Structure formats: C-alpha cells, structure tokens
Amino acid sequence: MIGLPFAGDGLVHAGLLGLGILAALLFYAYEKRRRGLTDPRLWPIAGFAIAFGAIGSRLLTWDFSRQMSLVDWWGNGDRSILAGLVGAWFGVHLGKRLTGYRQSTGDLLAPTVALALIIGRVGCLLTELPGTPTGGMWGLMLTPTQAAMLGGVPGVGLHPSFAYEIVFHAAAFALMWRYRDRLPQSGDLFICYVTSYALFRFGVEFVRGNEVLWLGMSRPQWFLLVVLPLLLWRTLRVFGKPLRPKLEEAAP
C-alpha cells in the first residue's frame, strides 16, 4: 500500500493547481499560433474562463449551513471541478458577449482544460481523501491522524480515485491531440470531451468517497444525471457527420 504524502497540505494543492493553469495557458498560446488565430480578444476570453472557473468551483458548492467569513470560504471552502467547469463555460460565453467574438473556441479550449486537470488532479491525489476502501494493492493508506483530518478510514487501502481521473484526462488529451482537426465542426471536440468526462465522472464517483445524497448517489452524480441526456444527444449529432480531412490532406 502507498501512503498519502501531503495530506491536507493546501500549499501543495494550490501550487499544483497553479502549475496546471500555467501549463494550460502555454498550450493555449501554442494552439492559437498553430491554428493561425491572432485575434487579441482570445486572451480576455481565456481570462474570463479562468476567473469564472475559480469562482464557480467555490460559489456553486457553498454550504449555507456553515458559518464562515468570506476569506475563510475562499481559502478553505469546498471546491468542485464540475462546478468549476460550469463557471468556466459561463465565463467563456460572457467574455465572448463582452468582446463581440463570435467564433467557436471549443476546439481550442478542450485540450487546454484536459492538460490543466491532469496536473491539478495530481495536487488532489497528494493532499485529499483518495476514495473508498479497495482490496487492491494499489490503494492509498491513511494514518489515523490523516484519516481524522480528511474524514477517511485509517489503515486500509483506499481507491486512488484521482489517479484514475489523471489517467482519463491524459488519454483524452492524447485523443484530442490526434483528432483536434478532424471532427465535423468547430466546437465538436469540446462536446465530445465534456460528454466523455461526464460519463467517466459518474462512474468514478462510486469510489470517490463523497457524501451520498440520495439512492446511493452523490451530489455530483445527481447533477450529471440531469445534464448527461443533453450531452449524449449533442455527441450523437457529432458522430452522425463525416470527419474532416487532415490539414495536410486538405492543402492544395
């Protein structure tokens, strides 16, 4: 069994989250250049996505039963990747509305988000409650002190659910890298990525150890049950169209 090296260490978590955002911005700049996108409005749109993603990850998980100051809430409150993605989606659309940019940015943003989550989830893996007990030898084990801090079970192997998620986002990034210019319409890449993540996240929630809300499912799972039908319908529309030719094949 592998131990949890930085349980509850907010500095390590924040540092890796910041590193993930930095890597995402560098990749965003690279993809802009590769695609020949020179519109200066794309940078403010990226800024809106980051800002509202951070706000959404906090605001949409606000627990009104807890009494805390605004500073404590922002620094130590609950965070949610799903809520952050909703906030970032809203930020992109608000940024487009304010800047007047009308083109789709989904293909540009999808691999950028995946890269940020690969690195950011390493911070979660090293510092947060890993998941539910597992009989496998790959489990993470908490000491009694760590278990009391994180609300987990001490002395038994726990599912490294964040490691599963890192593998998913790494595979998604690799696939998006390969097919980033092949889907029928601009923005389809983002739809496929978000839908696949929603399906994966619904399944991995069963070993995440999050609080069960109702019928054996957590709050994120109930949220996903609401949005998944729309995402699946939209994804089916994508695969009902032929792929675009590769850029080098399309060149005269």
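Everything below is about the structure printed above this text.
Attention in this report is confined to the structure presented alongside it. (Residues numbered from 1 in each chain as written. Predicted model: local features only at pLDDT ≥ 70, side-chain atom pairs only at ≥ 80, totals over all residues. Heavy atoms only, no water.)

Side chains of nonpolar character tend, in soluble globular proteins, to be buried together. Of all hydrophobic cores here, the largest spans 28 residues; its most connected members are Phe173, Met176, Tyr193 and Leu224. When residues in this core are grouped by element, the largest group, seven residues, is from helix 8 (residues 188-204). Setting aside chain neighbours within four positions, we find Tyr193 in contact with Ala110, Val113, Ala114, Leu117, Phe168, His169, Ala172 and Met176. In this structure, Tyr28, Ile45, Ala88 and Tyr101 belong to the second largest nonpolar core, which totals 10 residues. (Core = buried A, V, L, I, M, F, W, Y, C linked by side-chain atoms within 4.5 Å. Buried < 20%, exposed > 50% of the residue type's maximum accessible area, 1.4 Å probe, protein only. Helix = DSSP H or I, 4+ residues; strand = E, 2+ residues; numbered from the N terminus. Contact = heavy atoms within 4.5 Å.)

This next bit is on the pattern of salt bridges. Where charged atoms of side chains with opposite charge meet at close range, the side chains can pair. This model, assessed by the stated rule, comprises eight salt bridges. In this structure, Asp188 engages Arg234 in a salt bridge whose closest nitrogen and oxygen atoms are separated by 3.5 Å. Of the two residues, Asp188 is situated in helix 8 and Arg234 in helix 9 (residues 219-238); the sequence distance between them amounts to 46 residues. Judged by its relative accessible area of 22%, Arg234 is partly exposed. Residue Glu205 is joined to Arg201 by a salt bridge in which the shortest nitrogen-to-oxygen separation is 2.8 Å. Just as Glu205 is buried, Arg201 falls in that class too. (Salt bridge = Lys/Arg side-chain N within 4 Å of Asp/Glu carboxyl O.)

Before going further, it helps to examine helix 5 (residues 106-127). Helix length check: helix 5, at 22 residues, gives a terminal C-alpha distance of 31 Å against a target of 32 Å (1.5 Å per residue), a fit within 8%. The buried fraction of helix 5 amounts to 17 of the 22 residues, a majority that puts the element mostly inside the structure. (Expected span 1.5 Å × (residues − 1).)

For Leu215, which is not glycine, the phi torsion reads 55° and is therefore positive. Mapped onto the secondary structure, Leu215 falls in the loop between strand 4 (212-214) and strand 5 (217-218).

So, about the environment of Phe223. Inspection of the secondary structure puts Phe223 in helix 9. Residue classification places Phe223 among the partly exposed residues on the basis of a relative accessible area of 38%. For the pair Phe223 and Ala198, spaced 25 residues apart in sequence, the C-alpha separation works out to 9.9 Å. Those residues within four positions of Phe223 in sequence are excluded, and the remaining contacts are Leu82 and Val86.

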